[in-house]
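The residues making up each chain are set out below.
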Amino acid sequence: MAKALEGVRILDFTHVQSGPTCTQLLAWFGADVIKVERPGAGDATRQQLLDIPDVDGLYFTMLNHNKRSMTIDSKHPKGKEVLWRLIKECDVLVENFAPGALARMGLTWEKIHEANPRMILASVKGFGPGRYEDCKVYENVAQCAGGSASTTGFRDGIPMVTGAQIGDSGTGLHLALGIVTALYHRTHSGLGQKVDCAMQDSVLNLCRVKLRDQQRLAHGPLHEYSQFGEGIPFGDAVPRAGNDSGGGQPGRILKCKGHEHDPNAYIYFITQAAVWGPICDIIGEPGWKTDPGYATPKARLPHLNEIFTRIEAWTMTKTKFEAMDILNEFDIPCGPILSMKEIAEDEALRATGTIVEVDHPTRGKYLSVGNPIKLSASPSDVTRSPLLGEHNDEILRDVLGYSQDEIAEIADSGAIGAVPTKMAAE
Ligand code: CAO
């Protein structure tokens, strides 16, 4: 079966997390992704958060599967020459440098478009045009500026960031969609275009329910927020809502059996209106099915704290998995709080390829997250991340058509650096 993006060639000028997330997705779908890195150093994540000395960090390996690596000094005259040859051969250039860095390398949209009118130039920046457009941005800055931090955490605590990398990986996902959309557009326009994703915008897009609540707030208190039931007045901005459900069906995280010693012995429990009857039966409050104070979703809103305290008295008698089994029988929406350890060991996630084991020449075996998007006719397998500059020769020869003498000349010029020591020793 052919891969969905076979034939698409990506000049991957990305680093750290946001850009690499995007190009890894494209690589999983079959695009030929050529990652261009600085000679000698490479993507900074190769050397960050190291668990094994002198081995590419998991930060790097888990974001750069299925790619080829080439080292080019983009400021060296010979390096620039190679880069321009690549620009003519590729369909998409993806980058997430600090604002202005690409132009400082001489790679402006105008010049790129002139050299290859079909090329798509896709960029991640922290902010779109405006007062912060020149700022460098990392994940948590985007979470803070995109509305996530002010709405995450508890009302009486400080703003919180979330472990889900919605600023980096979230923006990478948005960018990947922008790229395939531009590729589709090119099939009838014949031309490339620019695709820009700001991390602030992507986070805000993922936080749109909070902008919804901001506007609802103008018309009265938010009844599904715990603080309504607690009689605490609302201010003029959407408050942090703890673990309250963001949807129209109230939900909370509740303790389960063993919570005293297991920090993840919890379950998310949603009191979906459609299954209120079975919930009452299970927790031993059959009277709540008909009691006018509890029988309708509207009547329940002021009593949510009392209701969830009662439900928790039941969940605390079960492990999270026992509770899941019982509740699922009645289609009550709920979910166990799974630790990363439990997820890593989950057989079902391994069977679907969402958790994969990858073998790496210097690291050995490690776990990664495979492609979460499953296409029925276009399989995607996960292959290991490349060593720094591993594919210099083959790209210069096979993609750019340089002769062996020319390759030697480029190498001698210092524009691509040396072959990685681990490979040279082999
Ligand atoms: N050869 C020569 N020079 C290279 C090179 C190469 N192959 N690759 C990169 N460089 C140079 C750049 O040209 C730049 O030089 P100048 O500043 O002189 O123009 C320099 O390396 C540093 O690039 P940078 O500013 O992008 O990198 P940084 O580590 O200082 O900042 C980051 C990192 C992420 C804050 C910044 O790139 C950024 O804001 N990116 C946009 C937002 C983004 O994607 N953030 C998410 C990152 S993941 O958390």
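Residue numbering note: each chain is counted from 1, following its sequence as written. A pLDDT threshold of at least 70 governs which residues receive local features in this predicted model, and a stricter bar of 80 or more applies before side-chain atom pairs are shown or counted, although totals over entire chains, interfaces and linings include all residues. Working from all heavy atoms in the structure, the side-chain values ignore hydrogens and water.

Attention shifts here to the overall build of the protein. Under the scheme used here, helices are H or I runs from DSSP no shorter than 4 residues and strands are E runs no shorter than 2 residues, and both carry numbers assigned from the N terminus. Looking only at helices and strands, the protein has 19 helices and eleven strands in total. Taking the principal axes of its C-alpha atoms as reference, the protein extends roughly 85 × 45 × 40 Å. The buried share among the 426 residues of the protein stands at 45%. Expressed as a percentage of contacts within the protein between residues at least 6 apart in sequence, the contacts between residues at least 24 apart total 67%. Here the positive residues are Lys and Arg and the negative ones are Asp and Glu; neither His nor the chain ends is included. Working definition for charges: the position is that of NZ of Lys, CZ of Arg, CG of Asp or CD of Glu. Charged side chains in the protein number 43 positive and 54 negative. The centres of these two groups are separated by 3 Å. Buried residues are those whose accessible area, probed at 1.4 Å on protein chains only, stays under 20% of the maximum for their type, while exposed residues exceed 50% and partly exposed ones sit between those limits. The contact criterion used throughout is that any non-hydrogen atoms of two residues lie within 4.5 Å.

Residues are labelled near a given molecule or strand when at least one of their non-hydrogen atoms is within 4 Å of it. In the vicinity of the ligand, 24 residues are found, and the nearest of them are Arg38, Arg104, Lys136, Val137 and Asp168. Polar contact criterion, stated in full: a pair of N or O atoms within 3.5 Å, where within protein one must be able to donate a hydrogen and the other to accept it, and residues adjacent in sequence count only if both atoms are side-chain atoms. The contact in question runs from an oxygen atom of the ligand to an N or O atom on the side chain of Lys75, over 2.9 Å. Here a nitrogen atom of the ligand sits 2.9 Å away from a polar atom, N or O, in the main chain of Asn96. Using a 1.4 Å probe, accessible areas were evaluated by the Shrake-Rupley method; residue-level cover was limited to the displayed protein chains. Relative to its free-state accessible area of 950 Å², the ligand is covered by the protein chains to the extent of 83%. Only Asp, Glu, Lys and Arg are considered charged, only Ala, Val, Leu, Ile, Met, Phe, Trp, Tyr, Cys and Pro nonpolar, and every remaining residue, Gly among them, polar. For the shell around the ligand, the residue count by class is ten nonpolar, six polar and eight charged.

Turning to the domain arrangement of the protein, a few remarks are in order. Bear in mind that the domain bounds are from an automatic or database domain assignment. Split into domains, the protein comes out as domain 1 (9-206 + 344-425) and domain 2 (242-332). Summarising the inter-unit geometry, the C-alpha centres of domain 1 and domain 2 are found 43 Å apart.

A few words now on the UniProt feature "binding site: substrate" (unreviewed entry) in the protein. UniProt positions are given in the numbering used here, feature names are shortened, and annotations may be inferred rather than shown by experiment. Here, UniProt's "binding site: substrate" (unreviewed entry) annotation points to Gly247, Gly248 and Gln249. Within the secondary structure, Gly247 is located in the loop between helix H10 (226-229) and strand S7 (251-255). On the accessibility criterion, Gly247 (30% relative accessible area) is partly exposed. Locating Gln249 in the fold gives a position in the loop between H10 and S7.

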